[in-house]
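Secondary and tertiary structure notes
Here are the chains, one letter per residue:
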2 protein chains.
Amino acid sequence: MARKKVMKDWTYPLDEWNIVEEQFDIDTNFLDETIFSLGNGYIGMRGNFEEGYYGPKETSLDGTYLNGFYESAPISYGEEAYGYPKYGQTMLNVTNSKIIKLYIDDEEFNMFSGKLLSYRRTLYMKEGYLERKLIWESPKGKKVKISIKRLVSLNNKHLATIEYKVKPINFSGKITLISSLDGNVKNHEEEGDPRVGSVFNGQVLKLIEKYQNKTFGALKQQTVNTKFTLVCGMENELETKNDFEILNDNPDQMVTTKYVINAEREEEITLVKYISYYTSKDYKEKELLERAKDTLLKAKEKGFKEILKGQKEFLEEFWNNALVEINGDKALQQGIRFNQFHLLQSVGRDGKTNIAAKGLTGEGYEGHYFWDTEIYILPFFLYTYPEISRKLLRYRYKILDKARERARTMAHKKGALYPWRTIDGDECSAYYPASTAQYHINADIVYVLKKYIEATDDIDFLLKYGAEIVFETARLWADLGSYIPNKGNKFCIDCVTGPDEYTAIVNNNCYTNYMAKMNLEYAHDIAKLLENEYPKIYNKLKEKINLKEEEVQEWKKAADNMYLPYDKKLGIHPQDDTFLEKPIWDFENTPDDKYPLLLHYHPLVIYRHQVCKQADVLLALFLLGDKFTWEEKKRDYDYYEPITTHDSSLSPCIFSVMASELGYYDKAYEYFMQTARVDLDNYHKNSHHGVHTACMAGTWMCVINGFAGMRVYDGKLSFNPYLPEKWDSYRFRVRFKGRQLEVNVNTKEVIYKLIDGNRLEFNHIDKKVSINEGEEKRFSLKKI
Amino acid sequence: MARKKVMKDWTYPLDEWNIVEEQFDIDTNFLDETIFSLGNGYIGMRGNFEEGYYGPKETSLDGTYLNGFYESAPISYGEEAYGYPKYGQTMLNVTNSKIIKLYIDDEEFNMFSGKLLSYRRTLYMKEGYLERKLIWESPKGKKVKISIKRLVSLNNKHLATIEYKVKPINFSGKITLISSLDGNVKNHEEEGDPRVGSVFNGQVLKLIEKYQNKTFGALKQQTVNTKFTLVCGMENELETKNDFEILNDNPDQMVTTKYVINAEREEEITLVKYISYYTSKDYKEKELLERAKDTLLKAKEKGFKEILKGQKEFLEEFWNNALVEINGDKALQQGIRFNQFHLLQSVGRDGKTNIAAKGLTGEGYEGHYFWDTEIYILPFFLYTYPEISRKLLRYRYKILDKARERARTMAHKKGALYPWRTIDGDECSAYYPASTAQYHINADIVYVLKKYIEATDDIDFLLKYGAEIVFETARLWADLGSYIPNKGNKFCIDCVTGPDEYTAIVNNNCYTNYMAKMNLEYAHDIAKLLENEYPKIYNKLKEKINLKEEEVQEWKKAADNMYLPYDKKLGIHPQDDTFLEKPIWDFENTPDDKYPLLLHYHPLVIYRHQVCKQADVLLALFLLGDKFTWEEKKRDYDYYEPITTHDSSLSPCIFSVMASELGYYDKAYEYFMQTARVDLDNYHKNSHHGVHTACMAGTWMCVINGFAGMRVYDGKLSFNPYLPEKWDSYRFRVRFKGRQLEVNVNTKEVIYKLIDGNRLEFNHIDKKVSINEGEEKRFSLKKI
C-alpha cells in the first residue's frame, strides 16, 4: 500500500549542491533549524541564529548536542515488572556556543525588529558550511550588511567556528559584538509529553565553574545523575581597522567577550569565534579545560580560512567516495546529496558513539541508537567510506559487556542481548513488546558485521572484536530457541517481535528465524576459521568467554534445524506462526486521517490484524536474497505490499529495492520518492524534531541496491541495473575490498569503471565481469 | 504443581467462632491490623488501636476506607500509546474516626509505655464486634482496666461505634478521654513503589470545614481531583457516676471532644462514640452533614447495646444462610468462618459498589474491583445470600455506559467492554497485556449473571438490567472475533489474554472462546425469550440500544461456529493456538526462592514457556463442566497441573475443585488447605496489605463445589459429595430458587434436608432427588 503522497512543491529552491533559504519565515523556522543543522558526528548545532530567536517559543528549539553525552533519569511505569529498564538516557542540549549578539549603538539586531532588506541562507554541502547573508536596517534607519559563516569541523571533532562579518552601510558609529557561551540550557519540553517533563525537571546540566579572560571564555558544567563533565570553550578574534575595546561582562551562567568598536562606514568588521567542546566521556575531567584551550589556540593559529579549506578537502574525498549523480532530476539530486551530507554530519566516528535516529539535529527519540544503524545506515558507509563503518561496529563491541548483562537480566545463561535503544549500551526502552522483544537486533548487528568483513577483508577487526560479538550473539540464539516436538523438532524461537511493530510477541517471526540462522551459521563458520587459521587467538578468546566446543556444534545444529516458516497453500512466508490466522485490516473503511495507525488505535487492535507498519518478511528477502527464489519473493511481495502502511519511515526504501528486483518499476520509483526528500520536504511533518537518518540512508539503498541492483552474497558483488524512466542517466561509486568502482547507467548502456585498486571481479546480471584499474566495461542496458 | 507449603503452626489460637490475640506483638502488628479489620461493605476500619500506634512506622497502617470513595491521578507511562487509560483510581484512606486517647492524670496511655499486665483482643464473628481488654500500669504505677468494643454496623452502612470502658484499679484521680476525628490522612507510601508516590503526592483529602459542638464533631473534606466530598461525624456519650467537664480542643485538621473526669477507684467510666460517614457519591453535598447528624442522633437514641444486638441478629441470619460446619478440624472451621466473615464485611451491598480484591482491609490493588467478583466471590453470595449477589450484578449495570465507551476506545463499533480493574467503571490498568487484553471479563460477568438468573428466577433483574448487559457483551464478541479461512472459517478470537497471566496476547485462548460462546448463546437465548414472552420490553430495549435482529442471528452463528481448540494427539485442550508449541518451563532448575516467577523473570521469559500462573483451561472445565467429558477433564488436569505454579491466589481453589471431581482427593485437600487460612496464617506474606477476598471465597468453592460436588448446569442442581479423609463430617446450607437446602456428609451417608421452601428437585450423583420442606433424604456415601 503506497499510501503517502509526495509533495509537488519544493520547500527549498532546487539546487544540486546547496540548500538555500531565500526568505526568513516564522512558520518554517522550526523545520529550517533542523535542515540547516551542522554537525561532525560529535558536535551537532541546529540552524539557530547567532543573535537568538525572538519569535514564538513553539516555533524554535535552540539546540546543541554532543554525540553520546546524555543524562539519565528513572523511567516511570504505570505498572512495573522484573527486568524493565530502570533508567532512561537522553541526549542533552548542551552549552550554547552559537551566540554572537550585535548592537548598532543601542539598537540590538534581531530578525524581528527593523527591516530585512535582503536575506539569504545557504547550506553549502560541497564546502561544508552554513552562510547567512543579510542587509538589515535598524528601527532608527542604520543599515548594516551582515555575513555569517558557520562550520562544525569534520577534521576535528572538538571544534566549531563562526566567522561573523558586519559592515555599516550608511553610518559610522558604535558597533558592539558580544560573543557568549550560555550554560543555562534545557532540553525541549513539549505539552503532552509527560516523560520529558519528569525526566528533566528543569536544567540538569549544572554550572560548575566559569573561566573568562578577555578573548577567551569557558564554562565547566556537569550532569546531575550521570555526573558527566563538559567544558565548552571559546576564543574570539576581531579583525578591524577601527579602534575597539574588549570587555568581559558576567551574566548568570554565561561567559562573554564584548567588543565595542568605533565603526566606520563601509569598513567591514570580522569576528571569528572558535568553539571547542570536551567532555569526561573522552578525557579525564582535569584535562578538559587544557584540551579545549589547546584546540582553540591551534584553531586560531590556523585561522578560519584554513579551517574552511580543510573542511572542503574532507568533503571532496567524501563526495568522491559517496558519489551518486542523477541526470534529469534536480530535486532528487538535491535530496540524495542532502541525505548523504546529513548522514556524514550525524555519524559518530570515534568508535565510542554511533548514529542516532535523528542524528545530531534534534531531540526526537532522545538521541538513541537503534538497529537503524546496522540495517539501514551502515551499508551506505560500508560501501562508500568503510573506515566509518568500522567505527560504528567498534561501538557495538564497546557495549558488548552491557549486552551480556542484559542477557542475564533476561534470564539467558549465556550470550549477549543488544539493547533495542540506547546511548551507552543500557537498554532504554520502556515498552518491551516493541523493543526488548525485538531480539533480531542481535542478528542485525552480526549481519552487517559479516557484510563488513566480506567487503573489507578486515581480519584484524574480526579477530579483535568481531568474533566475540558473533559468538556471544550466537550463544543467545542457542539459549533463546528450542527444539519443539509440535514443530517437527525444529529449532523454534518464541515470543519475539520482528521488524514490523504492528505485530508483536509472536512465535517464529520469519525474519528473526532466518536472521538467527545466519547468525548461528556465521558463528560456526568463524569458529572454524579461527580454529584452523588463528588457533592461538581462538583459544585465548574461548578461554576469555568460556566457550566450549560443544557450543559451536550446537550453533550448527540449531542453524541446520532452524524452523523456517512457509505456507504451502499460499506459497508465501508467513510473517510468524499466527499471522495468516488473523483477519486482514479493514483498509477500505480506514480514512486517511487515521494514519499512522499507532496514533489512532490501541496496540491490541493493531496486533489483532494482518497489517504491517513496515517491511518484515520483505526485509529478509532483501538482506538474505540468495536464500529465496524470485518466485517466492514475488509472491511474498504481492501478499505483504497491500497490507503494509509504511507508518515507519524505515519501510518504503525496502519496498523500493524489492520492487526494483521484481520488476515493479513504477512502485520502486514511487517508494523511492518517499525517501529522497523525506526531511527536505518534511513528509512526516515532524522533521523539526530532527532528520530521519535511516530513511536518508534508505534513499541510497533505493538507488544502489534498487535501481542498480547491487548485492553482495557470500562476499560476491553483483549488479543488475536499470534506468528509472524519468532519468537521463545516473552514476555512482562504491568501494569494495579496497577498490573503488564507478557504475554509470544511461539510456543505452551500463558502464563499469574501476577507479582505484587491483582487478575486481563481479557479476553484471548473470555475466562474470573482470575489470582492471582504469578499465571500463560496457553492457547494453536491460529493457524494462 | 502443588508447590506452596502450608503452615503447621497457627498464628492465632484455634477457636471455632473467634479470632483471639493473646499478646500484643510489634512484629505481627501490621498483619493483625488486617485480621482484626471491621467492615460493613461500605466502611472499612483496620484493626488499629484507638490511642494510636507508637511503634515503628513500617509496622502499621492506620486505615479507614469507604467502598467506592477514591481519588484519581494521571497514570505515568514510560512510553504511551493510544487507548491507554489516562487516569488511575485509588481507594482513599479517609478521615480517621477511631481515635480515643486516654490520660491518667498527665500520663498518656499507649501500649509502648508502662506495663501491660494483661491483654486480649478478640474478633467475635458470631456477634460482629472487636473487643480489646487489658490491664495497664502507667509508668507512675497507676493501674487501669480498659475494655473496648468496636463495631461497624451491618444494618446501617453509614454507622460505626466504639464503646470504651476504663476503670481505675488502684487510684482515684483525673482521667481524661479525648475522642477525635482526624482529617490529616494519607494513603500508605511504600519504598520502591513509584506509582503510589506520584499519584498521591501527600494529602489529597483536603479539609473544607470543621463542625464542633461539645459532644458532637464533624469534618468535611474533599478530594483534589475527583472533587468528592465526605462528611465524617461523631457523637460522644459519657456514662459515669463521677464529675466531669467537656472541652473542645481545636488541633489542626481535627475535631475533639475531651472529657476530664474526677474518677474514683473501681468506678467504671464508659464512653460511647458514634461515628458516621456520608459522601457526595450517595447524596447531595449539602445534605451530608445533616444526614450524618441524623444517623448519629438515632444511634445515640438506640444506644450501643441495641446496636450490638442488631449486629448479632444480622449475623445470625448470615451464619444460618452461609453455614459451613466441619467436624474434626478446628483450624479449618476457623479458617472458613473467618473467610466468610471477611467476605461479608467487604462486599458492597448498595448496588453502586462492589468487592475489592483486598476488601476494605488494606490498600493492595488500590481498592480495585476485578473479575474476582464474578468468578470467585459472587457464587458464594449467590448460593447463600442471593440478595447480595443481585447488588453486585447491579453494579455492573451501573458501569455499563463506561464499558460502552471503553469499547469505542478499543475500536469496537458496537458493544461494551468491561474494565479489567476499576472502581467507578473506567479502565484503570496500566499494563494492557494482563488487563485490557483479558477480554474474558465480559463473559465472566455474563456467566455469573446467567447463574444468578438460573438460581433465583429473578426475571425482573433480567428485564431491567441483565438483558442489556448480555446483549452489549455479545455484541462485543461478535465485533472482536472473525471467521478465519486458515482455521476452517471458524469464528476465532485473536490477541487476547486468558485467565493465566503467564501467557499473554494469544489467539484463541481456550477459556475465552468457550466463555464467549456461552455469552453469545445466552444472548441469543435471552433475545428469543424476550421476543416471545416480553415483546414490549424487548422492543423498547432494542430501540434503546439500536439492536437489529440480524445481530441476534450473528451471535448464534458465531457461537455455533466458535473455534474450540483441541489437540487430538494429546487429547487435551491447548490453552491457545501456540501454547503447546513452546518449551516447558525448566522447573527442575528453578529454585524455590524464584517464585512467584513474576518477581524474578521478565514477562517475555515467562510468556515464552509453557508455564501457568493459574487455572486457565481448568477454569473452563469447572465453569462449563457439562461441555467436557470426564476423560477430557482428566487429561487436561494431568497436562496442566504439573506446569502451573499457582503464583496467583486464584488458582488453588479451582485445582482443588477439579481434583475433587477427578478423584484426586489428596490433591484436592492439599489445594484446599492453601486457601482455607490464606490470610489467617499469611501464606503469601502480604496479608498486611489486606485480605485475599477471591481466595477466601475459593475456600467455600473447595467445600461446596469440590468435596460436595455441587454443580448447576442449565439451571439443574446436583451434588456428588465425598468426605475428606481427615474429617468426621461436614454440613452446609445453600439457597437455590428460593429454597434452603442443608447437606450433611458424614462417614457413612449424605443427608439432604430442605430447611425452607417448596419441593426441590436435584441430582445426587446420577439419582434424581425430590424433597419437600422439612424432609430429609439419605444416601450412603460413595467410597473414595
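Remember, predicted model here, so these are calculated numbers, not experimental data. (Residues numbered from 1 in each chain as written. Chains lettered and ligands numbered in written order. Predicted model: local features only at pLDDT ≥ 70, side-chain atom pairs only at ≥ 80, totals over all residues.)

1. Some details on the domain arrangement of chain A
Interfaces are frequently sized by the accessible area removed from exposure as the parts join. Residue and element names in this part refer to chain A. Its domain assignment divides chain A into domain 1 (36-315) and domain 2 (385-645). The C-alpha centroid of domain 2 is placed 42 Å from the C-alpha centroid of domain 1. At the interface, 10 residues of domain 1 touch 10 residues of domain 2. Its residues assigned to classes, the side of domain 1 that touches domain 2 comprises 6 nonpolar, 4 polar and no charged. (Domains from an automatic or database assignment. Contact = placed C-beta atoms within 7 Å. Nonpolar A, V, L, I, M, F, W, Y, C, P; charged D, E, K, R; others polar.)

2. Overview of the relation of the copies chain A and chain B
Put simply, the second copy of the chain is the first one after a rotation about an axis and a shift along it. Under the fitted operation, chain A is carried onto chain B by 0.0 Å of movement along the axis and a turn of 180°, and the coordinates agree to an RMSD of 0.0 Å. Overall, the copies show the geometry of a two-fold rotation axis. No C-alpha of chain A approaches the rotation axis more nearly than that of Tyr-77 of chain A, which lies at 2.4 Å. Of all interface residues in chain A, 100% are interface residues in chain B too; the two copies therefore contact each other through one and the same surface. (Least-squares fit on C-alpha atoms with pLDDT ≥ 70 in both.)

3. Let's talk about the packing of helix 6 (residues 372-382) of chain A against helix 7 (residues 386-398) of chain A
Residue and element names in this part refer to chain A. At their nearest, the axes of helix 6 and helix 7 sit 7 Å apart, and the two run at 150° to each other. Relative to helix 7, helix 6 is oriented roughly antiparallel. Between helix 6 and helix 7, the contacting residues are Thr-373, Leu-378, Phe-381 and Leu-382 on the first element and Pro-386, Ile-388, Ser-389 and Leu-392 on the second. For the contact of helix 6 with helix 7, the per-class residue count stands at 6 nonpolar, 2 polar and no charged. (Axes fitted to C-alpha atoms, helices over the stretch in contact; angles between N-to-C directions. Helix = DSSP H or I, 4+ residues; strand = E, 2+ residues; numbered from the N terminus. Parallel < 35°, antiparallel > 145°, perpendicular 65-115°, else oblique.)

4. Details of the interface of chain A and chain B
In this assembly, 43 residues from chain A lie in contact with 43 residues from chain B. Elements represented by at least two residues in the side of chain A that touches chain B include exactly helix 2 (194-199), strand 20 (482-484) and helix 14 (603-607) of chain A. Per element, the largest residue contribution to the side of chain A that touches chain B is 4 residues, and it comes from helix 14 of chain A. Of the residues belonging to the side of chain A that touches chain B, the class tally is 24 nonpolar, 12 polar and 7 charged.

5. A few points about the environment of Ser-770 of chain B
Residue and element names in this part refer to chain B. Position of Ser-770 relative to the elements: it lies in strand 28 (residues 767-771). For Ser-770, a count of 11 C-beta atoms within 10 Å corresponds to the exposed category. Separated by 700 residues in the primary sequence, Ser-770 and Tyr-70 have C-alpha atoms spaced 49 Å apart. (Buried ≥ 20, exposed ≤ 12 C-beta atoms within 10 Å, placed from the backbone.)

6. Some details on the sheet that holds strand 14 (residues 216-223) of chain A
Residue and element names in this part refer to chain A. Spatial strand order, 1-8-9-10-11-18-15-14-13: 9 strands in an open sheet with antiparallel pairing. Every other strand in the sheet has two partners, leaving strand 1 (18-21) and strand 13 (205-213) as the edge strands with one partner each. The sheet shows a mean angle of 15° between the axes of neighbouring strands, taken without regard to direction. As judged from the 7 bridges shared by strand 14 and strand 15 (residues 229-239), these two strands associate in the antiparallel manner. Bridge pairing in strand 15 places Phe-216 opposite Glu-235. Where helix 3 (residues 288-302) meets the sheet, its contacts fall on strand 11 (159-168), strand 13, strand 14, strand 15 and strand 18 (269-279), and the angle it forms with strand 15 comes to roughly 25°. (Pairing = 2+ DSSP bridges.)

7. Digging into the UniProt feature "active site" (unreviewed entry) in chain A
Residues and elements named next belong to chain A. Following the UniProt record, the feature "active site" (unreviewed entry) maps to Glu-501 here. Here Glu-501 is to be found in the loop between strand 21 (490-492) and helix 11 (510-533). For Glu-501, a count of 24 C-beta atoms within 10 Å corresponds to the buried category. Beyond its immediate stretch of four places on either side in the chain, Glu-501 contacts Ala-434, Lys-613 and Ser-648. (UniProt positions renumbered as here; feature names shortened; annotations may be inferred.)

8. With respect to helix 6 (residues 372-382) of chain B
Residues and elements named next belong to chain B. Counted residue by residue, helix 6 has 11 buried out of 11 residues, so it is predominantly covered. Those residues of helix 6 lying buried are Asp-372, Thr-373, Glu-374, Ile-375, Tyr-376, Ile-377, Leu-378, Pro-379, Phe-380, Phe-381 and Leu-382. Next to the buried residues of helix 6 lie helix 5 (330-346), helix 7 (386-398), helix 9 (440-456) and helix 19 (693-707).

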